[in-house]
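Understanding the architecture of this molecule
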Amino acid sequence: MMADQGEGLSDADGGPVRHIPVLLPEVLASLDLQPGKIILDGTFGAGGYTAAILAEGADVIALDRDPAAILGGQPMVAASDGHLTLVHSRFSDLAQHVPDEGLDGVVLDIGVSSMQIDEADRGFSFQRRGPLDMRMSSDGVSAADVVNRAKVTDLTRIFGFLGEEPQSGRIARAIEKRRLEEPFVTTRDLAGLIEIVTPRKAKDKIHPATRVFQALRIFVNDELGELARALFAAERVLKPGGRLTVVTFHSLEDRIVKKFFQDRAGKASGSRHLPIAHERAATFAPVGKSMVAASEEEASRNPRARSAKMRVGVRTDAPPEADDLSIFDLPNLASLGKIGG
């Protein structure tokens, strides 16, 4: 599964960006908010969506895998008068935090938050010197572990599939040569090597390290797998009529969401020349346009919105389908567990 070349990438991905909720009016409208409804915000971050949903009178269960986001959201919890529950959790585990009666809506804003990019000690930005970390949850395998331990063939595939880096093999071989002499420790260690191996040309719109850093972040946090599992979980817990709204920022993520809604739209299996073998009921129906992008006005105000895409589905009363990751054609990459030792 490949993204369009360079989609969603800019030097802003490597440097500080003020947090502004993307497509906020469109997200609120898509959720069909009313007082008393229960909405799950699977990517709390700085609480932009959650605050706006609460202001509409709905109750919110908000999740975030980043403990710093949970800590930062406590004042909002205190001010919510019991209408906000904030949980430290991956959004793929959202079904564990849902009331028995289910949910009226789920919203997911996929990708790294600007707050994480702004913190040099998190290691997300190549423009800030910090440890080569990139872990959203601050545990497990770090980007430094991957760069220093993964096989060259695995690094090549990670950079190629997840970052669409055309020089993935060249960069991977340079990493192998350098780490034999000295391990990579900081963000500048890696970015500096990439700048030497693939120097920036005058026509280049992004920094040479952008694609590699994106690929490492996605791989370290298993972002594509997390998204796929979260979509399945949302299907299980949404009430009939409940809304699933997903905002993505590059085509790797958007394609997963698109394939999910296409698969869940209901279809008959088998050849058109033979009798229908199995009729599948739709578990989601489309809402409005199949994809909504940010307006030119919003993109000019907020660079992060330039590549944002929103897709929405409304849950039918059909029973949920089986969790089948094969519908997404996810790349077969190295195991994080094996790299971590």
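Rules behind the numbers
- Residues numbered from 1 in each chain as written.
- Predicted model: local features only at pLDDT ≥ 70, side-chain atom pairs only at ≥ 80, totals over all residues.
- Heavy atoms only, no water.
- UniProt positions renumbered as here; feature names shortened; annotations may be inferred.
- Helix = DSSP H or I, 4+ residues; strand = E, 2+ residues; numbered from the N terminus.
- Buried < 20%, exposed > 50% of the residue type's maximum accessible area, 1.4 Å probe, protein only.
- Contact = heavy atoms within 4.5 Å.
- Areas by Shrake-Rupley, 256 points an atom, 1.4 Å probe, with all protein chains shown as cover.

The name given to the chain in an unreviewed UniProt entry is Ribosomal RNA small subunit methyltransferase H, and the organism recorded there is Pararhizobium polonicum. Quoted straight from UniProt, the Sequence similarities (unreviewed entry) entry for the chain says "Belongs to the methyltransferase superfamily. RsmH family." As recorded by UniProt, the Subcellular location (unreviewed entry) comment attached to the chain reads in full: "Cytoplasm".

Re the overall build of the chain
The number of helices and strands found in the chain is 14 helices and 10 strands. Here the chain, with 341 residues, has 55% of them falling under the buried criterion. Across the chain, every contact between residues at least 6 apart in sequence was considered, and the portion connecting residues at least 24 apart equals 71%. Here the chain displays about 15300 Å² of accessible surface, and carbon together with sulfur accounts for 52% of that area.

Things to note about helix α2 (residues 48-55)
Burial analysis of α2 places six of its eight residues in the buried class, which makes it a mostly covered element. Every buried residue of α2 is accounted for by Gly48, Tyr49, Thr50, Ala52, Ile53 and Leu54. Where α2 ends, the next residue or the one after it, Gly57, has phi of about 95°, a positive value.

Some points on the UniProt feature "binding site: S-adenosyl-L-methionine" (unreviewed entry) in the chain
In the numbering used here, UniProt assigns the "binding site: S-adenosyl-L-methionine" (unreviewed entry) feature to Gly47, Gly48, Tyr49, Asp64, Phe91, Asp109 and Gln116. Looking at Gly47, the relative accessible area reads 1%, which means it is buried.

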